[in-house]
Amino acid sequence: MIAKYNPQEIEKKWQKRWEEDRLYEVREDDPRPKWYDLTMFPYTSGDLHIGHWYAMAPSDVHARFKRMQGYNVLHPMGFDAFGLPAENAAIQRGIHPFIWTIQNVENMRRQLRSIGAIYDWSREVVSCLPEYYKWTEWFFLKLYEAGLAYRAKAPVNWCPHCQVVLANEQVLSGGFCWRCGAAVTRRDLEQWFFRITKYADELLEYKDTVWSERIKTMQRNWIGKSQGTEISFALDHSGTKEKEIRVFTTRPDTTFGVTFMVLAPEHPLVAVLTSPDRRAEVEDYVAKSRRLSEIERLSSEKEKDGVFIGAYCINRLNEEKVPIWIADYVLLSYGTGAVMGVPAHDERDFAFAKKYNLPIRVVIAPAEWSGEELEEAYIEPGIMVNSTQFNGLSNQQGIEAVSEFLEEKGWGKRTVTYRLRDWLISRQRYWGAPIPMIYCDKCGIVPVPEEDLPVLLPEDAEFRPTGESPLKYHEQFVNTTCPRCGTPAKRETDTMDTFMCSSWYFLRYASPNCDTAPFDADKVKYWMPVDLYTGGAEHAVMHLLYSRFFIKAIRDMGLVDFDEPYHRMFNQGIIIAEKQKMSKSRGNVITPDEYVAEVGADAVRAYLMFLAPWEQGGEWNDSSISGVSRWLNRVWHLVLGGYSQKEKTNPDVRQKAERELSRITHQTIRKVTVDMEKLRFNTMISSLMELTNYLVKVKKTQVVASSDWEESINTLLRLLAPTTPHLTEELWKRTGRDYSIHNQGWPQWDEELVRDEEITLVVQVNGKLRDRITVPASITEAELPQLLLERAKRANAYLEGKKVLKRIYVPGRLVNFVVQ
Ligand SMILES: [Zn+2]
Ligand SMILES: [Zn+2]
């Protein structure tokens, strides 16, 4: 009687044993080459859902695979523990953010243990603990010393009724306060920034990295580098000394087609240029646009609207008067805050001109254009018209010629702009790393001395739903003395964006207990860069870009000696349920705990990898996970069922069967190894299932030698070990092998054995034997023409110049060409 496969029992048992034995503890003095597999650390939201497992189980499989391949593998785990949800929970449920967060960490730790991953828990990092955020503050000081942190005015959401700052999430759609419903305005506050723009060009390079084009494109678009020309339009207005409005364009060749100018509603010139009869309408519009977020303003769904302010500027190229408008799709913080309107050659400008009946003048002629009105904007290349001395040039030549002319006249200059802006890191919140700065009336801004770090979050802060940081009202926290002159001074009460905490956590894993520095430089040198970083594509821009900036900044301080933190980046897809994204409100959230209790963690791991290509993600399906669970049961019985070779077998038959067994086994090793390297887990599982089925068949016939059979079972278990670590450990032990399977080497395939059996194929032309060629036994008809071309030289000579009427193929035996 074979014992029953009981995953719940064996999983708990082995997890305990591995932990007691410190099987997965990692050291830097290990002679094996290092490998760093990193999964994005989870936010401490409370419960792990199946999406977390989808991020973590496959990456653990890969880490285990590298470990068996002979690497010293670091695959750590930690928690991204600061942030707004903890603070909201504090306000709503009266529970302190620290307690809420630590409770969540404990629950998530328990859930993460049930995955059976190789996390070395002695290296755990929790970003909200003082021993961690002390160093987040320290890095802030270093960035400040390097001139990369500065203070400037920036708009925040402001409720004039509640008199508080609102987070973006607290502004309801349409721009209303979540508490009182009043219209939210934008207000300028002094806030802290990191000068990420200094690294804009280097962030466009990805030196020695393997990243998908998709993610690189998203980052490039976010950085938005564009080469173009800044053009000055003349201004002659009694209300201001300003004599020009500057615009940036990538299409200076269309400057003769400008029929209006658009300023951002916040542009400082708006107030002085607006004519008295337009004032009321303009002020209304400005107030309305202040209520919209940037995302809403730039949304392609939103219809573009604007208001004429009753003033004009002059297009110097043709001395035309150009009416000035304001529109909310122009942002003051991008470029110059002004945009020239060329409706004939820009889709947005075309729609705007149609809406307000502004002239549309063609200056780049489409092919075969004969002066008729355009149905839509023409943005393709063409020949310049209506452009005086530039007429007849191609618009590509025109870009150069017009720019050169403007530069000669002093009316413009070629320049490069970026969409990327400096990183605003101030948050008016409690639950974040304090910004270690002090304001003194005499000395100005004074950094907290390093030896005074960490600036601790006071434990007795009061959480009120004001939207402002409780630190602001905590007198003991706010009031301090100036480290420079000793007079009373005030602390900064803003805390740092949590993306600052996640910009360096992967360095901390190298030496999590280091208390003299954020990390031990030698250990970071040993582990970094991360060899494979995996996580959701939603982090393509912010986290991945910020942490790349951070590494470049501290490299320039001499703290690290590499340029990029992550060598290879891979983004997994998402799991949906009932054809929809999982969400609490839809009630379709899949929680792993119940499945672990029912079919075991190994089945959940294997199923997640089997259900779809990892980068795509797919639909969770209960009946498919049962199928995977049955497969694991089959493996259990296959391995424990025993094997005895049939006594009386024809030696030829036996030899053939043994050759086939070793060929299929070695082919599977190759397939699984290649799939593991490429993170193609779904096809990897398929080949393991095929191998299982094949072995079940072999076992029934019992024609191969017991030793060959044993070798195949041994291989199957090792190939399965990363995917189903508990099941394979148990089977390894039950079949009398030495603990632990996870310390075994990864199986190697033999090229000779992988090669298919070969057969001789007869080649006939009109029924006469003309050639014999050797081909793999597995040849398919589709592969035939190529092999014939390469190998049937003699037959090909007979075919030359003849018309082939028909090709008859008898699999494994012959091919006959009927020719004329
Ligand atoms: Zn309000
Ligand atoms: Zn002072």
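In what follows, the structure referred to is the one given above.
Below or above, wherever it landed, is the structure these notes cover. (Residues numbered from 1 in each chain as written. Chains lettered and ligands numbered in written order. Predicted model: local features only at pLDDT ≥ 70, side-chain atom pairs only at ≥ 80, totals over all residues. Heavy atoms only, no water.)

Regarding the overall build of the chain
Looking only at helices and strands, the chain has 27 helices and 34 strands in total. Principal-axis analysis of the C-alpha atoms places the extent of the chain at approximately 110 × 85 × 50 Å. Within the chain, the proportion of its 820 residues that are buried is 53%. Sequence separation of 24 or more characterises 72% of the internal contacts of the chain that already satisfy a separation of 6 or more. Working note: accessible area of the chain is about 37,600 Å², and carbon and sulfur atoms make up 49% of it. (Helix = DSSP H or I, 4+ residues; strand = E, 2+ residues; numbered from the N terminus. Buried < 20%, exposed > 50% of the residue type's maximum accessible area, 1.4 Å probe, protein only. Contact = heavy atoms within 4.5 Å. Areas by Shrake-Rupley, 256 points an atom, 1.4 Å probe, with all protein chains shown as cover.)

A few points about a nonpolar patch on the surface
Together, Leu172, Phe176 and Trp178 make up a nonpolar patch on the protein surface, roughly 270 Å² of accessible area in all. Mapped onto the elements of the fold, Phe176 is located in strand β8 (residues 176-177). Given the relative accessible area of 35%, Phe176 is considered partly exposed. (Patch = residues over 30% accessible without salt bridge, like charges linked within 9 Å, V, L, I, M, F, W, Y side chains within 5 Å. Salt bridge = Lys/Arg side-chain N within 4 Å of Asp/Glu carboxyl O.)

Concerning the nonpolar core
Proteins that are soluble and globular tend to have nonpolar side chains buried together. Ranked by internal contacts, the top residues of the largest apolar core, which has 175 residues, are Tyr505, Phe506, Leu507, Val604, Trp620 and Trp631. The dominant element in this core, judged by the number of residues it contributes, is helix α22 (residues 681-701), at 10 residues. Val247, Leu263, Val286 and Phe350 belong to the second-largest nonpolar core, a separate cluster that totals 49 residues. (Core = buried A, V, L, I, M, F, W, Y, C linked by side-chain atoms within 4.5 Å.)

A closer look at the environment of Ile10
In this structure, Ile10 sits in helix α1 (residues 7-20). Judged by its relative accessible area of 3%, Ile10 is buried.

Some details on the side chain of Thr715
Along the polypeptide, Thr715 turns up in helix α23 (residues 706-720). Given a relative accessible area of 3%, Thr715 falls into the buried group. Among the polar contacts made by the side chain of Thr715, one reaches the main-chain carbonyl oxygen of Glu711 at a distance of 2.8 Å. Beyond its immediate sequence surroundings of up to four residues, Thr715 is in contact with Thr665, Ile669 and Pro747. (Polar contact = N/O pair within 3.5 Å; in protein donor to acceptor, adjacent residues only side chain to side chain.)

Overview of the sheet that holds strand β26 (residues 530-536)
Within a sheet, neighbouring strands are paired by backbone hydrogen bonds and run either parallel or antiparallel to one another. In space, the 4 strands of this open sheet follow the order β2-β1-β26-β27, with parallel pairing throughout. Single-partner strands in this sheet number two, and they are β2 (72-74) and β27 (566-572). Neighbour to neighbour, the strand axes of the sheet diverge by 20° on average, direction disregarded. (Pairing = 2+ DSSP bridges. Axes fitted to C-alpha atoms, helices over the stretch in contact; angles between N-to-C directions.)

Notes on the packing of aromatic side chains
The description of two aromatic rings rests on the distance between their centres and on the angle between their planes. Applying the stated criterion across every chain, the model contains 48 aromatic pairs. For the pair Phe65 and Trp746, a centre-to-centre distance of 4.9 Å together with 80° between the ring planes defines the contact as edge-to-face. Here Trp746 lies in the loop between α24 (725-734) and α25 (751-754) and Phe65 lies in helix α2 (residues 50-68), a separation of 681 residues in the sequence. We classify Phe65 as buried; its relative accessible area is 0%. Seen in terms of ring centroids, Phe308 and Tyr312 are 5.7 Å apart; in terms of plane orientation they differ by 65°. Their pairing is edge-to-face. (Phe/Tyr/Trp six-rings, centres within 6.5 Å; stacked < 30°, edge-to-face > 60°.)

Focus on the side chain of Glu87
Counting through the fold element by element, Glu87 comes out in helix α3 (residues 84-93). Buried charge without a partner: Glu87 forms no salt bridge, and the closest opposite charge is Arg429, 5.5 Å away. Other than its neighbours up to four places away in sequence, Glu87 contacts Pro97, Arg429, Tyr430, Trp431, Phe463 and Pro470. (Lys, Arg positive; Asp, Glu negative; His and termini not counted.)

A short note on the coordination of the zinc ion (ligand 2)
At the metal site, the zinc ion (ligand 2) is ligated by Cys440 (SG), Cys443 (SG), Cys482 (SG) and Cys485 (SG), and these contacts range over 2.2 to 2.3 Å. For the zinc ion (ligand 2), the 4 donor atoms in the first shell make angles of 106 to 112° at the metal, a pattern classed as tetrahedral. The sequence pattern formed by the donor residues of the zinc ion (ligand 2) is C-x2-C-x38-C-x2-C. (Donors = N, O, S within 2.8 Å, 3.2 Å for Na, K, Ca; no water. Tetrahedral: all angles 85-135°; square planar, octahedral: opposite > 155°, others 65-115°.)

Details of the pairing of β26
For β26, the buried fraction is high: 7 of the 7 residues fall into the buried class. Taken together, the 3 bridges between strand β1 (residues 34-39) and β26 define a ladder with parallel strand orientation. Note that in β26 the partner of Thr39 across the bridge is Thr534. Handedness of the β-α-β unit built from β26, helix α17 (residues 542-556) and β27 comes out right-handed. (Right-handed = clockwise from strand over helix to strand, strands pointing away.)

Considering the pattern of salt bridges
The full count for this structure, using the stated rule, is 50 salt bridges. The structure contains a network of salt bridges with shared partners spanning Glu202, Lys207, Arg548, Lys552, Arg555, Asp556, Asp563 and Glu564.

Quick word on α2
Between its terminal C-alpha atoms α2 stretches 27 Å, which fits the 27 Å expected from 19 residues at 1.5 Å a residue. Of all 19 residues that make up α2, 18 are buried, and the element is covered over most of its length. Two residues or fewer after α2 comes Gly70, characterised by a positive phi angle close to 105°. (Expected span 1.5 Å × (residues − 1).)

Section: the sheet that holds strand β19 (residues 423-424)
Taken in spatial order, the 4 strands of this open sheet run β6-β5-β9-β19, and their pairing is antiparallel. Two strands in the sheet have a free side with no partner beyond their single neighbour: β6 (164-166) and β19.

Quick notes on helix α18 (residues 592-599)
Every buried residue of α18 is listed here: Pro592, Tyr595, Val596 and Val599. Viewed along the axis of α18, the buried residues span an arc of 105°, placing them on a single side of the element. Across α18 from its buried face, at more than 90 degrees, point the exposed residues Ala597 and Glu598. Tucked inside the fold, the buried residues of α18 contact α1, α2, α19 (601-610) and α20 (622-640). Residue Gly600 follows α18 closely and has a positive phi angle near 100°. (Arc of directions from axis to C-beta.)

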